[in-house]
Amino acid sequence: MNDNIFLIGFMGAGKSTVARCLHRCYGREMLEMDGVIEEREGMQISRIFETYGEEYFRRLETELLLELQERENLVISCGGGAPLRACNVEAMKKSGKVVFLTATPETVLERVRNSHDRPVIEQNKNAGFIAELMEQRREKYEAAADATVATDGRRPEEICGEIMEKILKFQN
Ligand code: S3P
């Protein structure tokens, strides 16, 4: 199975943690979109937003996803906004399967509370705002997903097992 695995979902849905686990347990090479973009730009995501604006960041995301069409056997932790653009989802589908990780607003809040590198929610770190934005995005996440996996209260190993089980079904 050489298909890439694209992990999508809201900020704090556990994409990075699960990607690390798929790397550890299934030997998948791991790539974190935000990490690659930060490295290339030489600055943190929040600084990119501040300096060049969100649209500039979204273009970088699209360029990176277009490059990834040529790669295989990766697990990619996507930025939470990546599946909102149809061309990004199209690029993901060209080389792999898309897995939507879900979490409740309360779980998300708990996971992002102490981080300060998420400009989209930095000024509004509360369950109400998170729930509203999540709801606005839900339709696009669901439309992009080949498989959906819940993360609330579960260990990464358990989540990875369910992902691999669901992904392998596409082989038959
Ligand atoms: C964003 C999510 C972030 C990062 C950027 C924008 C979003 O990634 O790409 O801050 O719009 O949801 P994570 O989902 O990895 O936090």
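Here the structure is shown first, and the text comes after it.
Notes on the site of the ligand
Here is step 1: Among the 13 residues in the neighbourhood of the ligand, the closest are listed as Lys 15, Asp 34, Arg 58, Arg 118 and Arg 137.
Here is step 2: A distance of 3.3 Å is found between an oxygen atom of the ligand and a backbone nitrogen or oxygen belonging to Gly 81.
Here is step 3: Protein chains bury 96% of the 380 Å² of accessible surface belonging to the ligand in isolation.
Here is step 4: Given that more than half its atoms are within 2 Å of the pocket grid, the ligand belongs to the largest pocket.
Here is step 5: Taken together, the residues that form the shell around the ligand break down as five nonpolar, three polar and five charged.

Digging into unusual backbone geometry
Here is step 1: Look at Asn 73: it is not a glycine, yet its phi comes out positive at around 65°.
Here is step 2: Here Asn 73 is to be found in the loop between α4 (54-68) and β3 (74-77).
Here is step 3: The exposure class assigned to Asn 73 is partly exposed, which follows from its relative accessible area of 33%.

Some points on the layout of surface pockets
Here is step 1: What the largest pocket holds in volume is close to 570 Å³.
Here is step 2: For the largest pocket, the lining is made up of 31 residues, of which Met 11, Lys 15, Glu 32, Asp 34 and Arg 118 are closest to its centre.
Here is step 3: Listing elements by their share of the lining of the largest pocket, those giving two or more residues are α1 (15-26), α2 (33-41), α3 (45-52), α4 and α6 (105-112).
Here is step 4: Element by element, the count of residues in the lining of the largest pocket is highest for α1, at four residues.

Thoughts on α2
Here is step 1: Looking at α2, one finds that the buried residues are Met 33, Val 36 and Ile 37. Along the axis of α2, the buried residues cluster in a sector spanning 95°; they form a single face.
Here is step 2: Looking at the buried positions of α2, the neighbouring elements they touch are β2 (29-32), α3, α4 and β3.
Here is step 3: Positioned one or two residues after α2, Gly 42 has a phi angle of 70°, which is positive.

Observations concerning the pairing of β3
Here is step 1: Here β3 shows a buried face lined by Leu 74 and Ile 76 and a second buried face lined by Val 75 and Ser 77.
Here is step 2: With three bridges joining them, strand β1 (residues 4-8) and β3 adopt parallel strand pairing. Bridge pairing in β3 links Phe 6 to Ile 76.

Structural notes on the packing of aromatic side chains
Here is step 1: The full count for this structure, using the stated rule, is three aromatic pairs.
Here is step 2: Taking 4.5 Å as the distance between ring centres and 35° as the angle between the ring planes, the aromatic pair formed by Tyr 52 and Tyr 56 counts as tilted.
Here is step 3: Judged by relative accessible area, Tyr 52 falls into the partly exposed class, the value being 44%.
Here is step 4: Taken together, a centroid distance of 5.3 Å and an interplanar angle of 35° make the contact between Phe 100 and Tyr 141 tilted. Remark: Tyr 141 occurs in helix α7 (residues 127-144) and Phe 100 occurs in strand β4 (residues 96-102); sequence separation between them is 41 residues.
Here is step 5: For Phe 100, a relative accessible area of 6% puts it in the buried group.
Here is step 6: In this structure, Lys 97 is placed above the aromatic ring of Phe 170, and the distance from its NZ or CZ to the ring centre is 5.3 Å.

Reading the values: rules and limits
Per chain, the residues get numbers from 1 upward, laid out in the order the sequence is written. Local features are withheld for residues below a pLDDT of 70 in this predicted model, meaning they are given only at 70 or higher, and side-chain atom pairs are given and counted only at 80 or more; totals for whole chains, interfaces and linings count all residues. Side-chain numbers here rest on the full set of heavy atoms in the structure, without hydrogens or water. If even one non-hydrogen atom of a residue comes within 4 Å of a molecule or strand, that residue is called near it. By the criterion applied in these results, polar contacts are pairs of N or O atoms within 3.5 Å in which, for protein atoms, one can donate a hydrogen and the other can accept it, and in which residues neighboring in sequence qualify only through two side-chain atoms. Note that accessible areas follow from Shrake-Rupley with a 1.4 Å probe, and for residues the cover is restricted to the protein chains shown. The distinction between a cavity and a pocket rests on a 1 Å grid over the protein atoms alone: a 1.4 Å probe fits inside a cavity but cannot get out, while a pocket stays open yet meets protein on both sides within 12 Å along at least five of seven lines, and a residue with an atom within 4 Å of a point counts as lining. Should more than half of a molecule's atoms lie within 2 Å of a pocket's or cavity's grid points, that molecule is taken to sit in it. Three residue categories are used. Nonpolar comprises Ala, Val, Leu, Ile, Met, Phe, Trp, Tyr, Cys and Pro, charged comprises Asp, Glu, Lys and Arg, and polar comprises the others, including Gly. Segments assigned H or I by DSSP are reported as helices when at least four residues long, segments assigned E as strands when at least two residues long, and all are numbered from the N terminus. Using a 1.4 Å probe on the protein chains alone, a residue whose accessible area is under 20% of its type maximum counts as buried, one over 50% counts as exposed, and one in between counts as partly exposed. Grid points are joined across faces, edges and corners, and a volume is the space filled by probe spheres set on the points. As used here, the arc is the angular range of directions from the helix axis to the C-beta atoms. What makes two residues a contact is simply this: any of their non-hydrogen atoms within 4.5 Å. In this scheme, strands are said to pair when DSSP sees at least two bridges between them. In summary, the pairing rule links any two rings of Phe, Tyr or Trp, Trp by its six-membered ring, whose centres are within 6.5 Å, and it sorts them by plane angle into stacked for under 30 degrees, edge-to-face for over 60 and tilted for everything else. The rule is short: NZ of Lys or CZ of Arg within 6 Å of the ring centre and within 35 degrees of the ring normal puts a charge over the ring.

Note that every value here comes from positions in space, so none of it alone points to a role or purpose.
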